Amino acid sequence: MNLSELTAIDFHVHVEQDAHGHFSLDGELLDASAAYFRADQNRTPTVEDIAGHYRERKMAAVIFTVDATTALNHPALSSEEIAEAAAAHPDVLIPFGSVDPRTGAEAVARARRLVADHAVRGFKFHPSLQGFAPDDPRHYPLYEALEELGVPALFHTGQTGIGAGLPGGRGIKLRYSDPMLIDDVAADFPGLTIILAHPSVPWQDEAISIATHKANVYIDLSGWSPKYFPPQLVRAASRQLRHKVLFGSDFPVITPDRWLADFADLDVRPEARPLILKDNAARILGLTG
Ligand SMILES: [Zn+2]
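Asker: Which parts of the structure should I look at to understand the overall build of the chain?
Answerer: Counting secondary structure elements, the chain contains 12 helices and 8 strands. For 289 residues, the compact-globule estimate of 2.2 N^0.38 gives 19 Å, and the C-alpha radius of gyration of the chain, at 17 Å, lies within 12% of that figure. Along the longest, intermediate and shortest principal axes, the C-alpha atoms of the chain span 45 × 40 × 40 Å. With 289 residues in all, the chain has 60% of them scored as buried. Within the chain, the 38 negative side-chain charges are centred at a point lying 5 Å from the centre of the 26 positive side-chain charges.

Structure below.
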């Protein structure tokens, strides 16, 4: 990866389909989330689709799926396969893995293998979708392993489009995505780099407070058009948290083009922009050159 030639690093991109035509979610959840985001682009890109999309724009992308096999009773895409496919596009793709925290020791062993054998560079968690409370001590061995491996953990926080508009939100609980549950993890694993994904609606002030207080906590700005960012988030990104906030689109539900166009209109200081778009991500991921 040639850092100097990249215009930006998108820290939040979802692989939604594998090479065998399997999807990350069942049809009902995919349709409901496409309606929620009013997505008109391809809702189910493969690793190859994503590589092409980002290469055209001279951008890199952190890519992942979410393994919620036990909570959703739907087979996850393979993080091993995603990492293998990403290895063919090292100029633009940075693979993160996903393990199902409800599988306990198996999740820990698999996380270790993903890093050691598949060159995965971090992990994505979605507590609401995966149906787990991030501060539950049963998951501490997993965090301990990630801390030891030196790879970041990215947690979905706040509202989710998945299950939106369905009866009972299809059983998906928003409470698990309260960033305050992750504050416990950040406190107990100070060597673990944690990214709170998205404006954490309705807990935005909590997320800003945690990222301000904990040196190991960052915020990615994905999942919402910057047009709709709460004012306190824009202020923090521009000022006190400018070294801790990351560009992320949440592709495919929001395209990087749309995100960047709306971000250009925000009242963010010029000196904070390159930090948010690229430099902070490069530092967290240990990219050089
Ligand atoms: Zn996500």
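Asker: What am I meant to see in unusual backbone geometry here?
Answerer: Both trends apply: most residues other than glycine have a negative phi, and most peptide bonds are in trans. Put simply, Val201 and Pro202 share a cis peptide bond, and its omega is 5°. As for its position among the elements, Pro202 is in the loop between β6 (194-197) and α9 (204-213). Note that the residue after Phe251, namely Pro252, is joined by a cis bond; omega there is 10°. In the Ramachandran plot, Asn73 falls in the positive-phi region, its phi being about 55° despite a non-glycine side chain. Of note, the phi angle at Ala119 is positive, near 60°, even though the residue is not glycine.

Asker: I would appreciate a short explanation of the pattern of salt bridges in the present structure.
Answerer: Close approach of charged atoms lets side chains of opposite charge pair. With the rule as written, the count across this model stands at 11 salt bridges. Taking the shortest distance from any N to any O, the salt bridge between Asp183 and Lys214 comes out at 2.7 Å. Taken together, the residues Asp183 in helix α8 (residues 179-188) and Lys214 in the loop between α9 and β7 (217-220) connect sequence positions 31 residues apart. In terms of burial, Asp183 and Lys214 fall into one category: buried. A salt bridge links Arg258 to Asp262; the shortest N-O distance between them is 3.9 Å. With Arg258 and Asp262 both in helix α11 (residues 256-264) and 4 residues apart, this pair spans about one turn of that helix.

Asker: What's the story with the coordination of the zinc ion in this structure? I'm lost.
Answerer: Here the zinc ion is held by the protein donor atoms His12 (NE2), His14 (NE2) and Lys124 (NZ), which lie 2.0 to 2.1 Å from it. Sequence spacing of the donor residues for the zinc ion, all on one chain, is H-x1-H-x109-K. Here His14, found in strand β1 (residues 8-14), pairs with Lys124, found in strand β4 (residues 123-125); they are 110 residues apart in sequence, far enough to count as distant. Exposure class is identical for His14 and Lys124. Each is buried.

Asker: Sorry if this is basic, but what is going on with the side chain of Asp10 here?
Answerer: For Asp10, the location among the structural elements is in strand β1. Of the side chains with opposite charge, Arg57 comes closest to the buried, unpaired Asp10, at an N-O distance of 9.0 Å. At a separation of 2.5 Å, a polar atom in the side chain of Asp10 contacts the side chain of Ser249.

Asker: Even after reading the chapter, I still don't get the environment of Gln240, so can you show me in this structure?
Answerer: Position of Gln240 relative to the elements: it lies in the loop between α10 (231-238) and β8 (245-246). Those residues in contact with Gln240 that lie beyond four places of it in its chain are Ile208, Thr212 and Arg235.

Asker: I keep staring at the pairing of strand β2 (residues 59-64) and nothing clicks. Help me out?
Answerer: Regular strands place side chains that alternate from one sheet face to the opposite one. The element β2 is extensively covered by neighbouring structure, given that 6 of its 6 residues are classed as buried. By the alternation rule, side chains of β2 split into Met59, Ala61 and Ile63 and Ala60, Val62 and Phe64, which are all buried. As judged from the 5 bridges shared by β1 and β2, these two strands associate in the parallel manner. Looking at β2, one finds that Val13 is bridged to Ile63.

Asker: How should I be thinking about the layout of surface pockets in this particular structure?
Answerer: If a probe as big as a water molecule is rolled over the atoms, it shows which places are left empty. Estimates place the volume of the largest pocket at around 640 Å³. Lining of the largest pocket is provided by 41 residues; of these, Tyr36, Phe37, Gly223, Asp250 and Val253 occupy positions nearest its centre. Those elements giving two or more residues to the lining of the largest pocket turn out to be β1, α1 (27-37) and α3 (69-72). With 3 residues, the top contributor of residues to the lining of the largest pocket is α1. Each residue belonging to the lining of the largest pocket can be placed in one class, and the counts come to 17 nonpolar, 17 polar and 7 charged.

Asker: What is the right way to look at the sheet that holds β2 in this model?
Answerer: Strands in a sheet are paired, the pairing made by backbone hydrogen bonds, and the direction either parallel or antiparallel. Taken in spatial order, the 3 strands of this open sheet run β1-β2-β3, and their pairing is parallel. Each edge of the open sheet carries a strand with a single partner, namely β1 and β3 (93-95). Pairs of neighbouring strands in the sheet enclose a mean axial angle of 25°, with direction left out of account. On the sheet, helix α2 (residues 47-56) packs against β1, β2 and β3 and is oriented at approximately 160° with respect to β2.

Asker: What is the right way to look at the sheet that holds β6 in this model?
Answerer: If you walk across this open sheet you meet the 5 strands as β4-β5-β6-β7-β8, and the pairing is parallel. Whereas interior strands pair on both sides, the edge strands pair on one side only; in this sheet they are β4 and β8. Inspection of the sheet shows β4 paired to strand β5 (residues 153-156) by 3 bridges, in the parallel sense. Looking at β5, one finds that Phe125 is bridged to Phe155.

Rules behind the numbers
- For every chain, the first residue of the written sequence is number 1, and numbering continues from 1 onward in sequence order.
- For a predicted model such as this one, the threshold for reporting local features is a pLDDT of at least 70, and the threshold for listing and counting side-chain atom pairs is 80 or more; totals across whole chains, interfaces and linings nevertheless cover every residue.
- Note that the side-chain values use all heavy atoms of the structure and ignore hydrogens as well as water.
- For helices the rule is a DSSP run of H or I covering at least 4 residues; for strands it is a run of E covering at least 2, with both sets numbered from the N terminus onward.
- All radius of gyration figures rest on C-alpha atoms, and the globule criterion is 2.2 Å times the number of residues raised to 0.38.
- Between buried and exposed lies partly exposed: a residue is buried under 20% and exposed over 50% of the maximum accessible area for its type, with that area taken using a 1.4 Å probe on protein chains only.
- Positive: Lys, Arg. Negative: Asp, Glu. His and the chain ends are not part of the count.
- Charged side chains are reduced to one point each, which is NZ for Lys, CZ for Arg, CG for Asp and CD for Glu.
- Salt bridges, as used here, are contacts in which a Lys or Arg side-chain nitrogen is within 4 Å of a carboxyl oxygen on Asp or Glu.
- Here a donor is any nitrogen, oxygen or sulfur atom (N, O, S) within 2.8 Å of the metal, with 3.2 Å used for Na, K and Ca; water is not among the atoms considered, so some sites may look incomplete.
- Within 3.5 Å is the distance limit for a polar contact, defined as a pair of N or O atoms, with the added protein rule that one can donate a hydrogen and the other accept it, and that residues adjacent in sequence qualify only through two side-chain atoms.
- In this description, contact between two residues means that some pair of their heavy atoms is separated by no more than 4.5 Å.
- A strand pair is defined by DSSP finding two or more bridges across the two strands.
- The method works on a 1 Å grid over the protein atoms by themselves. A cavity is a set of points holding a 1.4 Å probe that cannot get out, a pocket is an open set with protein on both sides within 12 Å along at least five of seven lines, and residues with an atom within 4 Å of a point line them.
- Grid points are joined across faces, edges and corners, and a volume is the space filled by probe spheres set on the points.
- For this classification, Asp, Glu, Lys and Arg are treated as charged, while Ala, Val, Leu, Ile, Met, Phe, Trp, Tyr, Cys and Pro are nonpolar and the rest, including Gly, are polar.
- Lines fitted to the C-alpha atoms define the axes, with helices restricted to the stretch that makes contact. Angles between their N-to-C directions range from 0 to 180 degrees.

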